[in-house]
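Read off the chains here:
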Amino acid sequence: MAGNSQRRNRRNPGSKKGASVGTGGHSRKALQGKGPTPPGEARKGHPKQRAANAALKRERDAKSRAGMRRAGAGRGGRGGAGAAELVVGRNSVVEALQGGVPASALYVMQFIDTDDRVRDAFQAANERGIPLMEAPRAQLDQMTGGLNHQGLVLQVPPYEYAHPDDLVAEAADAGEDALIMALDGVTDSRNLGAVVRSAAAFGAHGVVIPERRAAGMTAGAWKTSSGAAARLPVARATNLTRALESYQKAGLMVVGLAADGEAEIGDLDALTGPVVIVAGSEGKGLSRLVSETCDIRVRIPMPGETESLNAGVAAGIVLYEAARLRARRG
């Protein structure tokens, strides 16, 4: 026994209990460092991380407020694609409801002071089956981005645009030559509404607008159309020039309205066949690419001193002329 103890002590001279058992390498990871110290922004609780998180929160809040302001552009502003629009204020809400503007909800402030406009809004909403949603002032302030909502906010669902090809298909289904109105760079929603109203009145098969830098079918356009927007499709083109070229391949003639056009509208027989008529914005007229795409550019004779007509008036004149010539042909 004494001999065995001496052999153990030879292996571990500093131990009175004999040799110790090794770890087999299991503690090797514990000897490795944790790597370089991460930057302050990545360290929990570090002042730099708190500052970075606060900056990120401010950026998100700013974007949220900007989105609310865009959604609150219900006084004729244009909503983003796929985004609901808000009509704000008692007069605007009543006019939108009585004008047939589609709506998904009417938000009413809690403890609102009622007057004739509020009662008219309630009545119109009830007649149309639009749900009333009571909300505190703080919520309406947040929804509208601080606009003067006067306790009434009308939510308008996104407009469902058609595809430009759908308008040609609709004409074919009706057994008629296509008559389409296109707008190039018209940014006033009231002008768009007026064009939709004229197009519906004179038998057009639809209206085409660009996706960007142009007025969309907002509540203001709906109201100006006097209900025609519910009957006539409005198509949105990602690229108006390519949409016009597609119409040309389908057999339609593209007629552009221009003050310096080479022909007068009354001398144009093309209006009796399949045609798409393009009107530009007041002042700027047709863009260069759209103008170059047109098969012919025509002018509206004006003996007066007026230099140009807005898109709504010009479209009404040319659509009337097209309807007159087609009726005479038939």
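Going by the structure above, here's the rest.
First, a word on what this report is: a plain description of the structure on this page. Within each chain, residues carry numbers counting from 1 in the order of the written sequence. It should be noted that, the model being predicted, local features are given only for residues of pLDDT at least 70 and side-chain atom pairs only at 80 or more, the latter also being counted only at that level, while totals for whole chains, interfaces and linings use all residues. The basis for the side-chain values is all heavy atoms of the structure; hydrogens and waters are excluded.

**With respect to the nonpolar core**
And step 1. To form a nonpolar core, buried Ala, Val, Leu, Ile, Met, Phe, Trp, Tyr and Cys residues must be joined to one another through side-chain atoms within 4.5 Å. Only protein chains enter the accessibility calculation, which uses a 1.4 Å probe. A residue is then buried if its area is under 20% of the maximum for its type, exposed if over 50%, and partly exposed in between. With 59 residues, the main nonpolar core has L106 and V207 as its most contacted residues.
And step 2. By residue number, the principal contributor to this core is helix α12 (residues 311-329), which donates seven residues.
And step 3. Throughout, a contact is declared for two residues whenever any of their heavy atoms are within 4.5 Å. If we skip the residues at most four places from it in the chain, L106 touches V93, L97, A121, F122, A125, I130, P131, L132, M133, L152, V153 and L154.
And step 4. One finds A178, L244, V278 and C294 within the second-largest nonpolar core, a separate group that totals 20 residues. Numbered from the N terminus, helices here are DSSP runs of H or I no shorter than four residues, and strands are runs of E no shorter than two.

**Some remarks on the sheet that holds strand β7 (residues 234-237)**
And step 1. Taken in spatial order, the seven strands line up as β7-β6-β5-β10-β8-β11-β9 in an open sheet, and their pairing is parallel. Where the open sheet ends on each side, the last strands, each with one partner, are β7 and β9 (263-264).
And step 2. Both strand β5 (residues 179-184) and strand β6 (residues 206-210) contribute to a ladder of three bridges, which runs parallel. Note that in β6 the partner of M181 across the bridge is V207.
And step 3. Running at roughly 155° to β6, helix α8 (residues 189-201) makes contact with β5, β6 and β7 of the sheet.
And step 4. Contacts from α12 reach β5, β8 (253-257) and β10 (275-280), with the element oriented near 165° to β5. The pairing criterion is simple: DSSP has to find at least two bridges between the two strands. Each axis is a line fitted through C-alpha atoms, and for a helix only the stretch in contact is used; angles between axes span 0 to 180 degrees, taken between their N-to-C directions.

**Re the pattern of salt bridges**
And step 1. By convention in these notes, a salt bridge is any Lys or Arg side-chain nitrogen within 4 Å of a carboxyl oxygen on Asp or Glu. Enumeration over the complete set of coordinates arrives at ten salt bridges.
And step 2. Salt-bridge contacts for E95 lead to K223; the nearest nitrogen and oxygen are separated by 2.9 Å. Residue E95 is located in helix α4 (residues 90-98), and its partner K223 is located in helix α9 (residues 219-224); the two are separated by 128 residues in the primary sequence.
And step 3. Judged by its relative accessible area of 36%, K223 is partly exposed.
And step 4. Close ionic contact of D115 with R117 constitutes a salt bridge, the shortest N to O distance being 3.0 Å.
And step 5. Several salt bridges converge on common partners, so that one network encompasses R90, D115 and R117.

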